Amino acid sequence: MSVVQIACVYGTRPEAIKMAPVVRAINGRDDADVVNIVTGQHREMLRQVLDLFEITPDIDLSVMKTNQDLFDVTGSVLLGLRGAFRHQRPDIVVVQGDTTSCFVGALAAFYESIPVAHVEAGLRTGDIRAPFPEEANRSLTTRLARWHFAPTDGSRDNLLREGVDPAAIEVTGNTVIDALLTVRSIAEAKSAAAYPELHAVRSVLESDAPVILVTGHRRENFGSGFESICRALATLADRYPDYRIIYPVHLNPNVQEPVRRILGNLSNVCLVEPVSYEPFVFLMTRSRIILTDSGGIQEEAPSLGKPVLVMREVTERPEAVVAGTVRLVGTDEARIVSETARLIEDAAAYDEMARAHNPYGDGHAADRIVERMVRDQT
C-alpha cells in the first residue's frame, strides 16, 4: 500500500487551530503520513495550540523577528520552505486560510511542482485591500491550488464565479468547528480555577456578572480604528457598570498602546495577556456578548449561541450575518456603543441573535478533506 506524504504548512495560532483537525485526520489513517512545517510567526501562541492538540512540528522555520513587516515574513517563509520541500519532497502541500504563510506556502509548492490543497478556500470580500493583506493572500492562493476545500456553499460560488473548475472544489464545512467542538467538550467540564491564565479574571468568571468578551488585532484597524474601538469600550464600561469587559490584548504594540492608554484604569475593564485556545473557548462559553475583529470567532461563536458584533467594515464570512448571529458594526464609536447597548437593553434583540445556529459545518470537515486528497492522489 502506498502512503501519501502530506505537508501541512502553518504559522499563526488561527491557522494551527484550523489545521490541527486535518493533522489528526491524517494521523488516523494508514495510507497517509503528515509532515508538520511551522513558520513560527506566533511563537508562544502557536506552541499553546500545538500542545493542546498534541502536535509536534517536524520542521520549524523560526521566522519571527522583532518589528518584522510583510516583506520580512514573505521572504523568510519562502526561503525556508524551499529547503523544507526539497528535503522532504511531500506529495501534497496543505495551506490554510488567508495568512502570508498560506500564500507563500502555496507559492513555494508551486515553484517545486507540488500540488496544493487550500483549506478554507473561496472566502471573499471583493475588496483586495480589506482585510489587508488577507484578501489578496487567499485570492492568490486560489490561482495556485489544485484542491479548493470551501467551508460553505457561498464560498464555493465565489470560486465558481472566478472560473475555478467545479471538480476541484469540495464543500466540507470549516475545520474550526471540528476544533471547537473537541475543545468545548473539554472546557465545559472545567471551572475557571482550572486555567491559571484566567487567574486575573477568575472572580469575575465565577460571579454572576455578565461578560462582554473583546478581541482585536486586525492590521487595517491600527491607528484611528483602534482609538475608536477603545473609546467605545470606555463608554460602554461607564454606561453599564454591572458588566465586565474582558479583553485579552494582542501583543502587537499597535494594539497594546491605545488599549492600555484608554482602558487601562477602568475598574470594570479587565485587560489580560493573550490566552491559549482552551481557556479562550472557556471565555467564549462564559461571555454574554462578543465584540471582535477576528475571522475565526465569527465562525465559532454561532455554535455557542453568542451574539457577535464584528468591528470591521466588511467580512468575507457573510453566512453568519445572513443567519442573524453576527452583525457588522465597523470601527465607528457611536455604532459600536449603540449596537452593544441594544443587545444589553433589548431582550428580544438579544434572543434573536443568540440562536445556536452555525452555517459553517458539523465537525467532520477534516475527514472529508483528507479523504478527498488521498483518494485523488492514489
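Quick caveat, the model's predicted, so the values are computed rather than measured. (Residues numbered from 1 in each chain as written. Predicted model: local features only at pLDDT ≥ 70, side-chain atom pairs only at ≥ 80, totals over all residues. Heavy atoms only, no water.)

A sheet is described by the order of its strands in space; here six strands give the open sequence S10-S9-S8-S11-S12-S13, paired in parallel fashion. In the strand order of this sheet, the two ends are held by strand S10 (269-272) and strand S13 (326-328), each with one partner. Going across the sheet, the axis of each strand differs from the next one's by a mean of 20°, ignoring polarity. Across three bridges, the pairing between strand S12 (residues 308-310) and S13 is parallel. Counterpart to Val310 in the pairing with S13 is Leu328. Across the face of the sheet, helix H14 (residues 333-345) comes into contact with strand S8 (211-214), strand S11 (289-292), S12 and S13 while running at roughly 165° to S11. (Pairing = 2+ DSSP bridges. Helix = DSSP H or I, 4+ residues; strand = E, 2+ residues; numbered from the N terminus. Axes fitted to C-alpha atoms, helices over the stretch in contact; angles between N-to-C directions. Contact = heavy atoms within 4.5 Å.)

Attention now moves to the packing of helix H1 (residues 13-27) against helix H7 (residues 175-187). With their axes 7 Å apart at the nearest point, H1 and H7 run at an angle of 85° to one another. When the interaxial angle is binned, H1 and H7 end up roughly perpendicular. Together, Ile17, Lys18, Pro21, Val22 and Arg24 of H1 and Thr175, Val176, Asp178, Ala179 and Thr182 of H7 make up the contact between the two elements. Of the residues in the contact of H1 with H7, the class split is five nonpolar, two polar and three charged. (Parallel < 35°, antiparallel > 145°, perpendicular 65-115°, else oblique. Nonpolar A, V, L, I, M, F, W, Y, C, P; charged D, E, K, R; others polar.)

All right, on to helix H11 (residues 277-286) then. Extensive coverage of H11 is indicated by the burial of eight of its 10 residues. Of the positions making up H11, those classed as buried are Tyr277, Glu278, Pro279, Phe280, Val281, Phe282, Leu283 and Met284. (Buried < 20%, exposed > 50% of the residue type's maximum accessible area, 1.4 Å probe, protein only.)

Attention now goes to the packing of aromatic side chains. A complete count under the given rule lists four aromatic pairs for this structure. Geometrically, the ring pair formed by Tyr240 and Tyr243 is edge-to-face, given 6.2 Å between the ring centres and 70° between the ring planes. By the burial criterion, Tyr240 is buried, and Tyr243 matches it. One cation-aromatic arrangement involves Arg13 over Phe280; the distance from NZ or CZ to the ring centre is 5.9 Å. (Phe/Tyr/Trp six-rings, centres within 6.5 Å; stacked < 30°, edge-to-face > 60°. Lys NZ or Arg CZ within 6 Å of the ring centre and 35° of its normal.)

Before going further, it helps to examine unusual backbone geometry. Note the cis peptide between Ala130 and Pro131, where omega equals -5°. A cis geometry characterises the amide bond from Phe132 onward to Pro133, with omega recorded as 0°. For Ser62, which is not glycine, the phi dihedral falls at a positive 50°. Among the secondary structure elements, Ser62 is positioned in the loop between strand S3 (59-60) and helix H3 (70-88).

Next up on the list: the nonpolar core. Counting residues in hydrophobic clusters, the biggest one holds 64 residues, and the most contacted among them are Ile6, Cys8, Tyr10, Ile246 and Met373. Element by element, the count of residues in this core is highest for H1, at eight residues. Here Tyr10 is in contact with Glu15, Ala16, Met19, Val23, Asn36, Ile37, Val38, Thr39, Leu46, Leu50, Ile55 and Ser101, once residues within four sequence places are set aside. (Core = buried A, V, L, I, M, F, W, Y, C linked by side-chain atoms within 4.5 Å.)

This part covers the sheet that holds strand S2 (residues 32-38). Strand order in this open sheet of seven strands is S3-S2-S1-S4-S5-S6-S7, and the pairing throughout is parallel. Two strands close off the open sheet at either side, each with one partner strand: S3 and strand S7 (169-171).

Here Asn174 is to be found in the loop between S7 and H7. Other than its neighbours up to four places away in sequence, Asn174 contacts Lys18, Glu120, Pro151, Glu299, Tyr360 and Ala365.

Our next topic: the pattern of salt bridges. In total, this model carries 32 salt bridges according to the counting rule given. For Arg156, the salt bridge identified is with Asp153, shortest N-O distance 3.7 Å. With a gap of three residues between them, Arg156 and Asp153 both fall in helix H6 (residues 153-161), about one helical turn apart. Residue Arg261 is joined to Glu227 by a salt bridge in which the shortest nitrogen-to-oxygen separation is 2.4 Å. (Salt bridge = Lys/Arg side-chain N within 4 Å of Asp/Glu carboxyl O.)

Side-chain alternation along strand S5 (residues 116-119) places Val116 and His118 on one buried face and Ala117 and Val119 on a second face that is also buried. Relative to S5, strand S4 (residues 92-96) is paired through four bridges, and the arrangement is parallel. Across the sheet, the residue bridging to Val94 is Ala117, located in S5. As a crossover connection, the stretch from S4 through helix H4 (residues 100-111) into S5 is right-handed. (Right-handed = clockwise from strand over helix to strand, strands pointing away.)

Turning next to the environment of Val201. In this structure, Val201 sits in the loop between H7 and helix H8 (202-205). In the structure, Val201 is positioned 45 residues away from Ile246 in sequence and 7.9 Å away in space, judged by C-alpha atoms. Beyond its immediate chain neighbours, meaning those up to four positions away, Val201 contacts Ile246, Cys270 and Val272.

Moving on: the state of the cysteines. Two cysteines joined by a covalent bond between their sulfur atoms form a disulfide. Following the criterion strictly, the structure yields zero disulfides and no others. Of all cysteine sulfurs in the structure, the one in Cys102 sits closest to Cys8, which takes part in no disulfide; the separation is 12 Å. Note on Cys8: relative accessible area 0%, which makes it buried. Left without a disulfide partner, Cys230 is nearest to the cysteine sulfur of Cys270, which lies 15 Å away. Judged by its relative accessible area of 0%, Cys230 falls in the buried class. (Disulfide = S-S within 2.5 Å.)

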